[in-house]
Amino acid sequence: MARAKKVKVPEFDRDAWEYLTYAPGHECSACHRPIESLEPVRRGAIDRPSGAPTIVYRHAEKCPGTQTVAA
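First things first, this report covers the structure right here in the doc. (Residues numbered from 1 in each chain as written. Predicted model: local features only at pLDDT ≥ 70, side-chain atom pairs only at ≥ 80, totals over all residues. Heavy atoms only, no water.)

This part covers the sheet that holds strand β3 (residues 54-59). The sheet built from three strands is open, its strands ordered β1-β2-β3 with antiparallel pairing. The open sheet terminates on both sides in strands that have one partner only, identified here as β1 (19-22) and β3. On average, adjacent strands in this sheet sit at an angle of 45 degrees to one another, irrespective of strand direction. (Pairing = 2+ DSSP bridges. Helix = DSSP H or I, 4+ residues; strand = E, 2+ residues; numbered from the N terminus. Axes fitted to C-alpha atoms, helices over the stretch in contact; angles between N-to-C directions.)

Okay, structure coming up:
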């Protein structure tokens, strides 16, 4: 069986994001944690080779899933 090709997710700079919004029920594309209600996120789009762009959301501040705890 043929394996699917791994696709690298592009990095965005702050200017590439469309706007700040709220998106409860979706997940952050960086840390893959669910977005809570009233949690500000940035909305953006990733172009796909076959089809319409995919909408993505990322935490406006540091992602809670990627923060490290100081010892």
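Right, let's talk about unusual backbone geometry for a bit. Phi at His 32 is positive, roughly 60 degrees, even though this residue is not glycine. Tracing the chain through its elements places His 32 in the loop between β1 and β2 (40-46). Positive phi values are uncommon outside glycine, yet Leu 38 reaches one of about 60 degrees. Within the secondary structure layout, Leu 38 lies in the loop between β1 and β2. Taking relative accessible area as the criterion, Leu 38 reaches 72% and is therefore assigned exposed. (Buried < 20%, exposed > 50% of the residue type's maximum accessible area, 1.4 Å probe, protein only.)

As a further point, take the environment of Tyr 19. Its location among the elements puts Tyr 19 in strand β1. Since its relative accessible area comes to 42%, Tyr 19 is described here as partly exposed. Beyond its immediate chain neighbours, meaning those up to four positions away, Tyr 19 contacts Val 41, Arg 42 and Arg 43. (Contact = heavy atoms within 4.5 Å.)

All quantities given are derived from atomic positions and should not be read as evidence of function.
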